[in-house]
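# Secondary and tertiary structure notes
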Amino acid sequence: MTTVGFIGLGNMGGPMAANLVAAGHEVYGFDLSADAVVAAREAKVAIAGSVAHAVTKAEVVVTMLPTGRHVQDVVLGEDGVLAHVGPGTLLIDSSTIDIQSARAVHEALTDRGLPMVDAPVSGGVAKARAGTLTFMVGGTPHAFALAAPYLKAMGANIVHTGAAGAGQAAKICNNMLFGTTMTAVAEAFVLAERLGLDASSLYDIVSSSSGDSWALRNFCPWPGLVEGSAADNGYRANFAAALMSKDLRLALTAAEEAGVELPVSGRADAVFAALASTEGHLDASAVIREIRGRD
């Protein structure tokens, strides 16, 4: 049994912390959301009153936070993780953030002789609950080997993508592809509707043809076609549109810095930014509402 400090117990972090508990670890969790704390406590996560309380005795610290600024503040801040952990503590950051922030945190921990991996995830809330997430992991081979047992308690596909920041690079590319595909899937259903084609017929054809995609099968924007879809639940978020917008913006920023033009992803970025500005709390599949509104 390992003592784990877990910072960020939201839709993804909460189930991940619960799976660490189920694997036999003693987990101290911290979150500012009262609802997140209640859910984590029900999953046998010991609730800490502060970051310091969560990490002081931890051998491993996991962070699952919204942005690079949050990660830097929580890890490197005056009363943050780095100020309270002991020698040899491993940091696993599973947030989806910009590559520069990830590398800055890596550098700070390396200067202290502490191992770290950036290990963002893919799979959504359902796979977080099932413990079958995909982890894209950046860091040294030594840090990856240390992190692997904990990642395997939370995921089914663990991929070492390279050095510091490589996990974030992989996640940015993956979510860029999801965002553009989700936009195209929504456009297809809107066009089919305008052309008088039954949505169920379109789904049956596309899901067994060249237009098939993970986005279609898991985030179908049309209600009544995929069991458990957000579209059947008023677009209550499985993966919020605001987060999709954030991830597309991360990809476009990285592309600008790398001198790469992404015309298709750029358009998806604009569509999701518009949706996030008004209905960002809804699921990413609610992009179909934005597309309809553009007509």
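Computed from a predicted structure; not experimentally measured.

Let us look at the environment of alanine 104. Structurally, alanine 104 is set in helix H5 (residues 99–111). By relative accessible area, which is 26% here, alanine 104 ends up partly exposed. It is 9.2 Å that separates the C-alpha atoms of alanine 104 and glycine 165, two residues lying 61 residues apart in sequence.

Here strand S1 (residues 3–7) pairs with strand S2 (residues 26–30) via five bridges, running parallel. Bridging from a neighbouring strand, threonine 3 pairs with glutamate 26 of S2. Between the parallel pair S1 and S2, the chain is carried across by helix H1 (residues 13–22), and the sense of this crossover is right-handed. Bridge analysis of S2 against strand S3 (residues 46–47) gives two bridges, and the strand direction is parallel. Paired with glycine 29 across the strands is isoleucine 47, a residue of S3. Chirality of the crossover, the property in question, places the unit of S2, helix H2 (residues 34–42) and S3 among those that are right-handed.

Core analysis: the biggest nonpolar cluster contains 37 residues, and Met182, Phe189, Phe272 and Val287 have the highest contact counts within it. Elements with a contribution of two residues or more to this core: helix H8 (166–194), helix H9 (199–206), helix H10 (214–218), helix H11 (241–258), helix H12 (263–279) and helix H13 (287–293). The element that contributes the greatest number of residues to this core is H8, accounting for nine residues. Not counting chain neighbours up to four residues away, the residues in contact with valine 287 comprise Met182, Thr183, Ala186, Val271, Phe272 and Leu275. Counting 32 residues, the second-largest nonpolar core is a separate cluster that includes Val45, Val125, Ala128 and Leu133.

Let us look at empty space enclosed by the protein. Taken as a whole and judged by the stated rule, the model has one cavity of 30 Å³ or more. One number sums up the size of the largest cavity: a volume of about 40 Å³. Forming the walls of the largest cavity are Val61, Val81, Leu82, Val85, Thr89, Leu90, Leu91, Leu109 and Leu114. Residues that form the lining of the largest cavity fall into these classes: eight nonpolar, one polar and no charged.

Quick look at the side chain of lysine 171 now. Residue position: lysine 171 is located in helix H8. Here lysine 171 is buried and forms no salt bridge, its nearest opposite-charge partner aspartate 247 lying at an N-O distance of 4.6 Å. Setting aside residues no more than four positions away along its own chain, lysine 171 makes contact with Thr96, Pro120, Val121 and Met136.

The final tally for this structure, using the stated rule, is eight salt bridges. For arginine 217, the salt bridge identified is with aspartate 212, shortest N-O distance 3.0 Å. Since its relative accessible area comes to 30%, aspartate 212 is described here as partly exposed. Arginine 249 is the partner of aspartate 269 in a salt bridge, and the nearest nitrogen-oxygen pair spans 2.5 Å. Here aspartate 269, found in helix H12, pairs with arginine 249, found in helix H11; they are 20 residues apart in sequence, far enough to count as distant. Within the structure, one salt-bridge network assembled from shared partners comprises Glu193, Arg194 and Arg292.

Attention now goes to unusual backbone geometry. One non-glycine residue with positive phi stands out, namely lysine 44, at about 75°. You will see that tyrosine 235, though not glycine, has its phi angle at about 60°, which is positive. Mapped onto the secondary structure, tyrosine 235 falls in the loop between H10 and H11. According to the relative accessible area criterion, tyrosine 235 is buried, its value standing at 10%.

Calculation rules
Residues numbered from 1 in each chain as written. Predicted model: local features only at pLDDT ≥ 70, side-chain atom pairs only at ≥ 80, totals over all residues. Heavy atoms only, no water. Helix = DSSP H or I, 4+ residues; strand = E, 2+ residues; numbered from the N terminus. Buried < 20%, exposed > 50% of the residue type's maximum accessible area, 1.4 Å probe, protein only. Pairing = 2+ DSSP bridges. Right-handed = clockwise from strand over helix to strand, strands pointing away. Core = buried A, V, L, I, M, F, W, Y, C linked by side-chain atoms within 4.5 Å. Contact = heavy atoms within 4.5 Å. 1 Å grid on protein atoms, 1.4 Å probe; cavity = no way out; pocket = protein on both sides within 12 Å on 5 of 7 lines; lining within 4 Å. Points joined across faces, edges and corners; volume = space filled by probe spheres on them. Nonpolar A, V, L, I, M, F, W, Y, C, P; charged D, E, K, R; others polar. Lys, Arg positive; Asp, Glu negative; His and termini not counted. Salt bridge = Lys/Arg side-chain N within 4 Å of Asp/Glu carboxyl O.

So, to be careful, I would describe these as geometric facts and stop short of saying anything about function.
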